[in-house]
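Survey of secondary and tertiary structure
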Amino acid sequence: MSSLSGKQGPRYRHLVGESEPYETIAVEKLTPIIGAEITGVDIAKLVSDEARSNRQMDEIHRALAENLVIFFRDQHITPAQHLAFGRKFGELHVHPAAPNEGDPALMRIYADKDSPRANGEGWHSDVSCDLEPPMGSILYIKQCPPRGGDTLFANMYAAYEALSDRMKVYLDGLTALHDGEQTYRGLYANYGVADKQTYPRAEHPVIRTHPVTGRKALYVNRGFTRFIVGIPRDESDAMLAYLYQHTENPLFQCRFRWTENAIAFWDNRCAQHRAMWDYWPHTRSGTRVTVKGERPV
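Let me begin by describing the structure that accompanies this report. (Residues numbered from 1 in each chain as written. Predicted model: local features only at pLDDT ≥ 70, side-chain atom pairs only at ≥ 80, totals over all residues. Heavy atoms only, no water.)

Once that is clear, we can look at unusual backbone geometry. With omega at 10 degrees, the peptide bond leading from tryptophan 280 into proline 281 counts as cis. Within the secondary structure layout, proline 281 lies in the loop between strand S17 (271-275) and strand S18 (284-291). One non-glycine residue, asparagine 261, lies in positive phi territory at about 70 degrees. Looking at where asparagine 261 falls in the secondary structure, it is placed in the loop between strand S15 (253-256) and strand S16 (262-267). Overall, the relative accessible area of 12% leaves asparagine 261 in the buried class. (Helix = DSSP H or I, 4+ residues; strand = E, 2+ residues; numbered from the N terminus. Buried < 20%, exposed > 50% of the residue type's maximum accessible area, 1.4 Å probe, protein only.)

Laid out in structure tokens, this is it:
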């Protein structure tokens, strides 16, 4: 794996300008490049108190935009409050395959000693095979193992910016097919979930522009991207192999160690993530609410 460095210093140099201080929350960055823990927020109260929520919600939006993934510890919320928190960011997305916890928008996250697999073991952006992939995902873990079960997140703005100028020119305007068939068929059989006749598939730009920040991000991932459209398949395979290796460089990553009743909220439009299943035979369980997004451009 490339170190993205050379004799003239690192190829990727992360610069952050001065920003206004936060007034209603505290933001502690995990790394300079991605991730921050947020304190001063009680989500249960936030979703029920409109007077409290407006200013604080604005700052949570800002923290997400600046850090790509944000974390809240020691939150005690009901399923209804989890759903209500998601709805503060937009209409909710329903997963095309996964089991839920009583509400179609409340996805079940569960793995124990008898599970054949765990959610999110490979690098991906959630449901990027949808025509309008999710804007963001809000994962609430109520039970976690004593050690392990971390989730890794990677900054796709940084991955794009670290590419050479020639590579950026080559990728500009290309699209790739994202297909859920290979990913989802049979995936939830252990939960008794029957396969659907078809699963989503869509063509998206290899480089997308974030609708809020206006920044460019790489938008291909191992979980759903099958090939780049309009170039020979062997060229596509080689290019995707390079881009996957590039996006997974630890330089672009943070790693979150879960504690019970913690929440992670990530922006699928500019970040990828991977869950570690290194905690067998222990149990990890929770629920995920996902917010609808827009068609990538």
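On to the sheet that holds strand S9 (residues 151-155). The strand order across the open sheet built from three strands is S15-S9-S17, with neighbouring strands paired in antiparallel fashion. Each edge of the open sheet is held by one strand with a lone partner, namely S15 and S17. The average undirected angle you get between the axes of adjacent strands in this sheet is 20 degrees. (Pairing = 2+ DSSP bridges. Axes fitted to C-alpha atoms, helices over the stretch in contact; angles between N-to-C directions.)

Here strand S5 (residues 69-72) shows two buried faces, one formed by Val69 and Phe71 and the other by Ile70 and Phe72. In terms of strand pairing, S5 meets S16 through four bridges, oriented antiparallel. Along S16, the bridge assignment pairs phenylalanine 72 with isoleucine 263.

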